[in-house]
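Coordinate inspection notes
In case you want the letters, here they are:
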Amino acid sequence: MSEEKDGTRTDETYCLIDAARPPKADGPPYAECVLCREPTEYPESYKGVTLCPVCEWQEAQRTACSG
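Attention here is on the structure that accompanies the text. (Residues numbered from 1 in each chain as written. Predicted model: local features only at pLDDT ≥ 70, side-chain atom pairs only at ≥ 80, totals over all residues. Heavy atoms only, no water.)

Here we look at the side chain of Thr50
Within the secondary structure layout, Thr50 lies in the loop between strand S2 (39-43) and helix H1 (53-63). Its relative accessible area of 2% is what places Thr50 among the buried residues. For Thr50, the side chain forms a polar contact with the main-chain oxygen of Glu32, separated by 2.9 Å. (Helix = DSSP H or I, 4+ residues; strand = E, 2+ residues; numbered from the N terminus. Buried < 20%, exposed > 50% of the residue type's maximum accessible area, 1.4 Å probe, protein only. Polar contact = N/O pair within 3.5 Å; in protein donor to acceptor, adjacent residues only side chain to side chain.)

Quick word on the environment of Pro43
Mapped onto the fold, Pro43 is located in strand S2. Put simply, Pro43 and Lys24 are 19 residues apart on the chain and 6.7 Å apart in space, counted from C-alpha to C-alpha.

Here we look at a nonpolar patch on the surface
Where nonpolar side chains cluster on the molecular surface, the patch consists of Val34, Leu35 and Val49 and spans about 300 Å² of accessible area. Along the polypeptide, Leu35 turns up in the loop between strand S1 (30-32) and S2. Residue Leu35 is classed as exposed on the basis of its relative accessible area of 56%. (Patch = residues over 30% accessible without salt bridge, like charges linked within 9 Å, V, L, I, M, F, W, Y side chains within 5 Å. Areas by Shrake-Rupley, 256 points an atom, 1.4 Å probe, with all protein chains shown as cover. Salt bridge = Lys/Arg side-chain N within 4 Å of Asp/Glu carboxyl O.)

Functional significance is not addressed by these values, which are geometric in nature.
Structural data, given as C-alpha cells:
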C-alpha cells in the first residue's frame, strides 16, 4: 500500500487475496473438509487445505474486506 506524506492512499489495491483453489472432482472419492470433516467438492487426492461449501463460505465471510 502506497501512502502520500499526508497519509492518503495513492493506490486502490487492497483485498488482493489470491487464494488458489483446488480442482473440482469429477466424482467420488471426495476430500474431507479440514474444519468439519464433511465431503468437499474436491478430489481426495488433492494435497492441501480443502473446505466444504459451507465452511468455504463462512471463511470467505470471515476474511472479507470491509469498507
